[in-house]
Amino acid sequence: MALPAASQTASPSTTTTQPSHILPAPFTNSQLELLTQGAEALVYRTHFLTPNTPVVLKYRPPKPYRHPILDKRLTKLRILAEARVLVRVRKEGVPVPAVLGGDWDNGWLMMEFVEGKTVRRVLDEWVERGAFKEERSASIPEEGEGDNDAGKQNQGGGGGDGEILDLMRRIGRAVAKLHDLAVCHGDLTTSNLMLRAPPPPKEEASPEGSSQKPLAGRQTVSTMREAAMSGEEPPVAAPSKVEPARDSSLAGDIVLIDFGLAAQATKQSQDEDRAVDLYVLERAFAATHPSAEYLFQEVLKAYGESFSDAKRVLKRLADVRLRGRKRSMIG
Amino acid sequence: MASVRTFTLPHYPDYPIHIALFKDVSNAEYLRSKLLEADSAFDYAFLDATTVSLFDHDHIISPTQLLSAAFLALHLHLTSRSKSRTPHSELVFRLHPNNNIGESYRKFGIADSTTSLIAVKLGLAPEITNESVAKHLGEHVKGESVPLGEEGQELGQWADEAKLRKIYKLEPAGGGKPKKGAVNGDGAALDPRKEMEAVILGLMTIKGS
């Protein structure tokens, strides 16, 4: 997969629309199911080691517009950075997918498949179910802006509220655990948080992939561009996969995914980076679920109680809210 | 005849992996000497069974650590990027977190004192079959052959957890902070061995990078 990049510069291929990339060595003829696609990588579902171990394959195809040597080096750098962070963080007990294999020279990384759905979808479904009704009448939170006053208004949520608030607390604690290690995610959106389905008591009660036929060739199915790699604006409420909400359970562990932009924060920058992580997550809540935004307060609350620097980070978050994610260039 | 189980990796269906497990092996010294002579008939990866970990969880994971190393060795061999001389030595090398081949052999390879042994043969040529491997091993390994199940869970039964934690520089079991289960609050407590395996696979993957 090294050379094709060079030849492609000569004859530009129009592979931008359909991800018909030819995968490197062992996967060229394998059956893969495209799960999602970001700016830099394609994410497939496949098997590893045994036919019944589902895994996620993240492939960063060579970019034809880059010089091949530079391209290789950048790809290698990024995959390795992601793999290292994942392994290190997992070692410390943060819930992230395990790294199972990889080949940076060829641009792929194999990770544990997390059975479940994204928090974004969970929230979408939760809103759809109308679990939210009560609060909406109480207060229509201002859309978009991440004002925290929206959160205070409805503490006495009521019956079904406890469960969703508990989910929020789990999110807060998981993020705190990551931040406690001075690792910042870099693209913390609701799409990059998974709710791992608790192991079903019997066979396959799980949603998603398993409901479709196993692996029917290389497809270009869903084009959920969930992982906006740049982390710019959180993706605006595109209708995610139109599937009936079957499993509405909010139980399960939170798993953080997509560490493509993660970095070890330095002493000086760590509070800022952590605060920006939270800010991005807050915006993701606001953008995709304006109605559910008050839930974010619960995330912050759990976060604040989870590690010693958290208070400082939350203070910093107030600054970040005022000016946005980017730091001012003045001074 | 020794009992040999053949595994097939999903992405390398053409290269089966033959694995045999022995206990009460008495001639480890002889086998090791054959390896040192680089006798081509003894082109195996002989591993000390105490340092291969695998844990059955949920019946999903099979002898993951070993197969993962085999996959990496095979993959690197087929793309001509092996760091060591043969695919079999590469397999031993891939198990170790550091970039030191000799060290890998000392830690994972057969030692003169080895009594429980795992023999791995990569099916790189068509004449290497389950039968040929079984026959050859049966003739040369003095020990009791342990049949492997479908998933090969038996491979992990002698795993020495403390030894493995030391090799991979993991925190001792039960030590340290409360683990992930506490973070998420609900769900069943995590299987520490499963966690350990996840980290080991990661370390094997990013080694030498």
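Residues numbered from 1 in each chain as written. Chains lettered and ligands numbered in written order. Predicted model: local features only at pLDDT ≥ 70, side-chain atom pairs only at ≥ 80, totals over all residues. Heavy atoms only, no water.

**Considering the nonpolar core**
The tendency in soluble globular proteins is for nonpolar side chains to be buried side by side.
For step 1, the next point in the chain: Formed by 112 residues in total, the largest nonpolar core has its most connected members in Ile19, Leu91, Val120 and Tyr168 of chain B.
For step 2, the next point in the chain: Among the elements that line this core, the one with the most residues is helix α6 (residues 161–180) of chain A, at nine residues.
For step 3, the next point in the chain: When sequence neighbours within four positions are dropped, the list of residues in contact with Leu91 of chain B reads Ala45, Leu47, Leu66, Ala69, Ala70, Ala73, Val120 and Leu122 of chain B.
For step 4, the next point in the chain: Counting 18 residues, the second-largest nonpolar core is a separate cluster that includes Val4, Phe42, Leu117 and Ile128 of chain B. (Core = buried A, V, L, I, M, F, W, Y, C linked by side-chain atoms within 4.5 Å. Buried < 20%, exposed > 50% of the residue type's maximum accessible area, 1.4 Å probe, protein only. Helix = DSSP H or I, 4+ residues; strand = E, 2+ residues; numbered from the N terminus. Contact = heavy atoms within 4.5 Å.)

**What to know about the packing of helix α2 (residues 64–78) of chain B against helix α3 (residues 87–95) of chain B**
Residues and elements named next belong to chain B.
For step 1, the next point in the chain: The N-to-C vectors of α2 and α3 enclose an angle of 130°; their axes lie 8 Å apart at closest approach. Comparing the axis directions of α2 and α3 gives the class oblique. By crossing handedness, the relation of α2 to α3 is classed as right-handed. Residue-level inspection shows Gln65, Leu66, Ala69, Ala70, Leu72, Ala73, Leu76 and His77 of α2 in contact with α3, the latter providing Pro87, Glu90, Leu91, Arg94 and Leu95.
For step 2, the next point in the chain: Here the contact of α2 with α3 is composed, by residue class, of nine nonpolar, two polar and two charged. (Axes fitted to C-alpha atoms, helices over the stretch in contact; angles between N-to-C directions. Parallel < 35°, antiparallel > 145°, perpendicular 65-115°, else oblique. Left-handed = near helix turned anticlockwise from the far one by under 90°. Nonpolar A, V, L, I, M, F, W, Y, C, P; charged D, E, K, R; others polar.)

**What about helix α7 (residues 270–288) of chain A?**
For step 1, the next point in the chain: The end-to-end C-alpha distance of α7 of chain A is 27 Å, a good match for the 27 Å that 19 residues give at a rise of 1.5 Å each.
For step 2, the next point in the chain: Burial analysis of α7 of chain A places 16 of its 19 residues in the buried class, the great majority of the element. (Expected span 1.5 Å × (residues − 1).)

**Some details on the side chain of Thr50 of chain A**
For step 1, the next point in the chain: Within the element layout of this structure, Thr50 of chain A appears in strand β3 (residues 50–59).
For step 2, the next point in the chain: One polar contact links Thr50 of chain A to Thr53 of chain A, side chain to side chain, over a distance of 2.4 Å. (Polar contact = N/O pair within 3.5 Å; in protein donor to acceptor, adjacent residues only side chain to side chain.)

**Some thoughts on the sheet that holds strand β5 (residues 108–112) of chain A**
Residue and element names in this part refer to chain A.
For step 1, the next point in the chain: Strand order in this open sheet of five strands is β1-β2-β3-β5-β4, and the pairing throughout is antiparallel. With partners counted over all chains shown, the strands left at the sheet margins are β1 (33–37) and β4 (99–103), one partner each. Each strand of the sheet is rotated relative to its neighbour by a mean of 30°, with strand direction disregarded.
For step 2, the next point in the chain: This element, helix α2 (residues 68–91), spans β3, β4 and β5 of the sheet and lies at about 25° to β5. (Pairing = 2+ DSSP bridges.)

**Considerations on the pairing of β1 of chain A**
All names here are of chain A.
For step 1, the next point in the chain: For β1, a buried count of four out of five residues is recorded, marking the element as mostly surrounded by other parts of the structure.
For step 2, the next point in the chain: Pairing of β1 with strand β2 (residues 42–48), which is carried by four bridges, proceeds in the antiparallel orientation. Bridged to Glu33 within β2 is Arg45.
For step 3, the next point in the chain: Between the end of β1 and the start of β2, which pair antiparallel, lie four residues.

**Some points on the interface of chain B and chain A**
For step 1, the next point in the chain: Facing 38 residues of chain B, the contacting portion of chain A comprises 42 residues.
For step 2, the next point in the chain: Scanning the region where chain B abuts chain A turns up three salt bridges.
For step 3, the next point in the chain: A salt bridge links Arg81 of chain B to Asp105 of chain A, with the nearest nitrogen and oxygen atoms 3.0 Å apart.
For step 4, the next point in the chain: There are nine residue pairs in polar contact (both at pLDDT 80 or more) connecting chain B and chain A.
For step 5, the next point in the chain: Only β1 (4–9), α2, α7 (180–184) and α8 (192–206) of chain B provide two or more residues apiece to the side of chain B that touches chain A.
For step 6, the next point in the chain: Looking at the side of chain B that touches chain A, its residues break down into 18 nonpolar, twelve polar and eight charged. (Salt bridge = Lys/Arg side-chain N within 4 Å of Asp/Glu carboxyl O.)

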